[in-house]
Amino acid sequence: MTQSAAPESTSTTYRLEPATELTGSIKVPGDKSMSHRSIMFGAIAEGVTEVAGFLEGEDSLHTLAACQAMGVRIERGGPGEVTLFGEGARSLKPPGKDIYLGNSGTGMRLLAGLLAGLNIPATLTGDASLSARPMRRIVDPLSQMGASIVTGKGGTPPLVIRPAATLAGIEYTCPMASAQVKSAILLAGLHASGTTVVHEPAITRDHTERMLRGFGVEVEVAGLTVSLKGGQRLVATTLTVPGDISSSAFFLVGASMTPGSSLNINGVGMNPSRTGVIDILKLMGADIQVLNERTSGGEPVADLKVTGRRLQGIHVPEHLVSLAIDEFPALFVAAVGATGQTVVTGAEELRVKETDRIQVMTDGLRALGADLSDRPDGAVINGCRLAGGTADSCGDHRTAMAFAMASLIADGPISVLDCDNVNTSFPGFARLAGSTGLHIVESPAGSTSSRV
Ligand code: S3P
């Protein structure tokens, strides 16, 4: 066999040898959704907001920098500690330059709603992935409220928010289950006249509603309808962001599907709009115990104890899809590790995440030796051992971490390409995963690798 030098890699590659189980006791970084919101809400509140457990990942740091660019004084303390010196929403100033939000759909969509409501002209930009994501889903309702927002061709970023008259509250029925759309409308509604009402087709994460209440805002929730009155002011508060259940998901899957595993994940956010991954894994036969349940900052938190077992394939109930929407890359790996067939339906939103996650997971797992096929709204996945090989994450943090967990059900080495964006949500993932039993090495960007 001849060895030829591969082109210089422009993003981190994970190299994994087969592993058999995950053990130990870990804590994952802070919840990404809550971290974004803690900064945005602290920035428009009156008084000093203290945040602990903030996710120091690229996505939430872009939101922090955006608020600083609009004149908010924000200080970073020890790890995860942020202090915001809020002077009220009307103190925010137009940023002197474009606001770059990197890979973050949450950052862009929520800020667009907030700035449109405050009538702050700004241009919001992102990386190649974010620049391809659909924005009409927020621009349409915000325009109905009176906002003036121009998108790029095809309804994608950049978003140019132009001066407009004061917005007026609307009653809006979301065509898709999206917490980002709901939140963008509510944040615009905070500074609109009258009442803003959003009806959702399914339950989505309710961190905006809960955290706004923590900042003293009255938010009404009745079933799938949420409403708030415009003109309310936020009062500074103190809050602790729990561990991100979406980051825990990789470890929940890795440990659940491997007999011999025994893993504790401590301090995990257990908001019922986010715990679908636990319900789905339990339906597959997983042994996950929820211990030390408590509440922190208006959000439920618990420690999770996972004992590995052989999982069985299931048809994932569609009502659980929106409650586990970010966990499907990991759940696809659980399905490969399970006995029998798993069917995912009603999950077409996966196609408009940081990547088309149905496509990227299908292609990557097939390259590793899996037997699966995609459908417009999901996939059909047959359980089997993986041979190993190379899976391209296509720059998506969650597909990268999911493919890393596939090394627990593989007989040969796995390379996962394009892993830099793991830093958007889970800095330190490879080190933490290595401490629990994955045999993972990071080849940093710029290093050359050899191909056989
Ligand atoms: C998020 C909502 C979800 C999720 C994303 C974070 C949020 O997106 O996928 O990672 O913080 O509101 P959608 O609203 O597009 O479903």
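Note that the structure is predicted; figures quoted are calculated from it, not measured.

Asks: Residues and numbers for the overall build of the protein chain, please.
Replies: Within the protein chain, the regular secondary structure consists of 13 helices and 25 strands. Taken over C-alpha atoms, the radius of gyration comes to 22 Å for the protein chain, in line with the 22 Å a tight globule of 452 residues would show. The principal-axis extents of the C-alpha atoms in the protein chain amount to approximately 65 × 45 × 45 Å. For the protein chain, with 452 residues in total, the buried portion stands at 59%. When the accessible area of the protein chain is evaluated, it comes to approximately 16,200 Å², of which 51% is carbon and sulfur surface. If you average the places of the 36 positive and of the 44 negative side-chain charges in the protein chain, the two averages end up 2 Å apart.

Asks: Break down the packing of helix H3 (residues 105-118) against helix H4 (residues 136-144) for me, citing the residues and quoting the values.
Replies: Running from N to C, H3 and H4 point in directions that differ by 10°, and their axes come no closer than 10 Å. Judged by the angle between their axes, H3 and H4 are roughly parallel. The residues of H4 that touch H3, namely those facing Arg109, Ala112 and Gly113, are Arg137, Ile138 and Leu142. Residue composition of the contact of H3 with H4, by class: three nonpolar, one polar and two charged.

Asks: Explain H4 residue by residue, including any values.
Replies: Three or four residues apart is the spacing at which side chains of an α-helix point the same way, because the helix has 3.6 residues per turn. Listed in full, the buried residues belonging to H4 are Arg137, Ile138, Val139, Pro141 and Leu142. Packed against the buried residues of H4 are H3, strand S9 (148-150), strand S10 (159-162), strand S11 (171-173) and helix H5 (179-189). One or two positions beyond H4, positive phi appears at Gly146, with a value near 110°.

Asks: Go over the environment of Glu17 with me, naming the residues and quoting the values.
Replies: With respect to the helices and strands, the residue Glu17 is situated in strand S2 (residues 13-17). Here the alpha-carbon distance between Glu17 and Ser415, two residues 398 residues apart in the chain, equals 8.9 Å. Not counting residues up to four positions away in its chain, the partners in contact with Glu17 are Ser407, Pro413 and His439.

Asks: Please set out the domain arrangement of the protein chain residue by residue, giving values where relevant.
Replies: Domain annotation of the protein chain identifies domain 1 (13-30 + 242-451) and domain 2 (32-240). For the pairing of domain 1 and domain 2, the buried interface totals around 2,200 Å² over both sides, and the portion due to carbon and sulfur atoms is 45%. Among the residues of domain 1 in contact with domain 2, Arg274, Glu354 and Thr424 are the three that bury the most area, contributing 23% of the side total. Scanning the region where domain 1 abuts domain 2 turns up three salt bridges. Asp326 is the salt-bridge partner of Arg205, the closest N and O atoms lying 3.1 Å from each other.

Asks: Tell me about unusual backbone geometry, residues and numbers included.
Replies: In the segment running from Pro157 into Pro158, the intervening peptide bond is cis, with an omega of 5°. With respect to the helices and strands, Pro158 occurs in the loop between S9 and S10. You will see that Asn292, though not glycine, has its phi angle at about 50°, which is positive. Relative to the helices and strands, Asn292 is located in strand S17 (residues 287-296). Even without glycine at this site, Asp418 takes up a positive phi of about 65°. Within the fold, Asp418 resides in the loop between strand S23 (414-417) and helix H12 (422-425). Taking the relative accessible area as the measure of exposure, Asp418 reaches 31% and is therefore partly exposed.

Here is what the cut-offs are and how they apply
- Residues numbered from 1 in each chain as written.
- Predicted model: local features only at pLDDT ≥ 70, side-chain atom pairs only at ≥ 80, totals over all residues.
- Heavy atoms only, no water.
- Helix = DSSP H or I, 4+ residues; strand = E, 2+ residues; numbered from the N terminus.
- Rg over C-alpha atoms; globule rule 2.2 N^0.38 Å.
- Buried < 20%, exposed > 50% of the residue type's maximum accessible area, 1.4 Å probe, protein only.
- Areas by Shrake-Rupley, 256 points an atom, 1.4 Å probe, with all protein chains shown as cover.
- Lys, Arg positive; Asp, Glu negative; His and termini not counted.
- Charge placed at Lys NZ, Arg CZ, Asp CG, Glu CD.
- Axes fitted to C-alpha atoms, helices over the stretch in contact; angles between N-to-C directions.
- Parallel < 35°, antiparallel > 145°, perpendicular 65-115°, else oblique.
- Contact = heavy atoms within 4.5 Å.
- Nonpolar A, V, L, I, M, F, W, Y, C, P; charged D, E, K, R; others polar.
- Domains from an automatic or database assignment.
- Buried area = accessible area lost by both parts, 1.4 Å probe.
- Salt bridge = Lys/Arg side-chain N within 4 Å of Asp/Glu carboxyl O.

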